[in-house]
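# Summary of structural features
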Amino acid sequence: MTFISQVNKWFVNANVNSAAKLRLFCIPYAGGGASAFYEWSHFFPKEIEVCSIQLPGRENRGAEVPLTNLQQIVEIVAEEIQPLINIPFAFLGHSMGALISFELARTIRQKSNVNPVHLFVSGRHAPQIPCAKQDYHLLPDEQFIQELRSLNGTPEIVLQDAEMMSILLPRLRADFSVCGSYQYKNDEPFECPITAFGGKNDNGVTYQSLEAWREQTKREFSVCMYPGDHFFLYESKYEMIEFMCKQLRLVLAPKI
């Protein structure tokens, strides 16, 4: 059963686990909703509460206008998340979600002087590398849909459904605008470990571009590559979850 956060509509499954000693906030890819991570909570120990961030314009917030500016998203979420970072927390973001989690962690550090205990970034090149798809959201529908097809994250039956695509395209264009308009700014590296996840067959995100995340932390860093393309997180989620559980249990382990 899925619960909507008692704090507000931005978070799914938040504040439902009274035994939680750490929160893992999951941020979906462009066009995706919180449901991408609905099942994940079943595979984490009870001490870890898995919360999905629900952006406007998708699923239960489908009637809302999608946001097109990353800084606007980050400023709002950084404010709304305050009641939930009263215990240690970590971020997992995939693709666009990785970029949002990175800038969200920066903003929280600036506003609250606190770091996540771990930053997991998935399917996204390091933020200091310029985006090669800055204007994709401006493409004509046919070309834009072809780009979506190349990512292999939208079922072909959906791509060929004109009515469905008329609903999805505004959300997808908004998200591509979020990524394409992003401007990286230098700042201090994090005082927390970073792990970068990647798909071995993801032609748009190479091992080298994941390795570049190393510049963003003063602590431990690792790259984990899994079978699959840009949406490897579906076929490799159990391996990813196992790795994250091990890393987050280190945070929860009693200090001797």
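The sections below set out a description of the structure shown in this document.

Criteria and cut-off values
Residues numbered from 1 in each chain as written. Predicted model: local features only at pLDDT ≥ 70, side-chain atom pairs only at ≥ 80, totals over all residues. Heavy atoms only, no water. Helix = DSSP H or I, 4+ residues; strand = E, 2+ residues; numbered from the N terminus. Polar contact = N/O pair within 3.5 Å; in protein donor to acceptor, adjacent residues only side chain to side chain. Contact = heavy atoms within 4.5 Å. Buried < 20%, exposed > 50% of the residue type's maximum accessible area, 1.4 Å probe, protein only. Phe/Tyr/Trp six-rings, centres within 6.5 Å; stacked < 30°, edge-to-face > 60°. Expected span 1.5 Å × (residues − 1). Pairing = 2+ DSSP bridges. Axes fitted to C-alpha atoms, helices over the stretch in contact; angles between N-to-C directions.

Here we come to the side chain of Arg58. Residue placement: Arg58 occurs in the loop between strand E3 (48-53) and helix H1 (70-80). Here the side chain of Arg58 touches Gly32 through a polar contact of 3.1 Å, landing on its backbone oxygen. Among all residues touching Arg58, those that are not within four sequence positions of it are Gly31, Gly32, Gly33, Pro66, Arg171 and Asp175.

Bringing unusual backbone geometry into the picture now. Notably, Asn13 is not glycine yet its phi reads approximately 70°, a positive angle. Here Asn13 lies in the loop between strand E1 (11-12) and strand E2 (22-27). Using a relative accessible area of 11% as the deciding quantity, one classes Asn13 as buried. Even without being glycine, Asn113 reaches a positive phi, approximately 55°. Inspection of the secondary structure assignment puts Asn113 in the loop between helix H2 (96-112) and strand E5 (118-122).

The next subject is the packing of aromatic side chains. This model, assessed by the stated rule, comprises 14 aromatic pairs. Ring centres of Phe197 and Tyr226 lie 5.9 Å apart, and the angle between their planes is 50°; on these two criteria the pair is classed as tilted. Within this pair, whereas Phe197 is found in strand E6 (residues 194-199), its partner Tyr226 is found in strand E7 (residues 221-226), the two being separated by 29 residues in sequence. Here Phe197 matches Tyr226 in class, with each residue buried. Ring plane angle 20° and centroid distance 6.3 Å describe the contact between Tyr226 and Phe232, whose orientation is recorded as stacked. Taking relative accessible area as the criterion, Tyr226 reaches 10% and is therefore assigned buried. With a relative accessible area of 0%, Phe232 lands in the buried category.

Right, let's get into H2. Count 3.6 residues to each turn of an α-helix, and residues three or four apart come out pointing the same way. The end-to-end C-alpha distance of H2, which contains 17 residues, comes to 24 Å, matching closely the 24 Å that a straight helix rising 1.5 Å per residue would cover. Burial within H2 is extensive, with 14 of its 17 residues counted as buried.

Moving on: the sheet that holds strand E4 (residues 89-94). With mixed pairing, the seven strands of this open sheet are ordered in space as E1-E3-E2-E4-E5-E6-E7. Only two strands of the sheet have a single neighbouring strand rather than two, namely E1 and E7. Strand direction decides the pairing type here: E6 and E7, joined by six bridges, are parallel. If you follow Ile194 over to E7, its bridge partner there is Phe221. The strands touched by helix H8 (residues 237-252) are E2, E3, E4, E5, E6 and E7; relative to E5, the strand with the most contacts, the crossing angle is about 165°.

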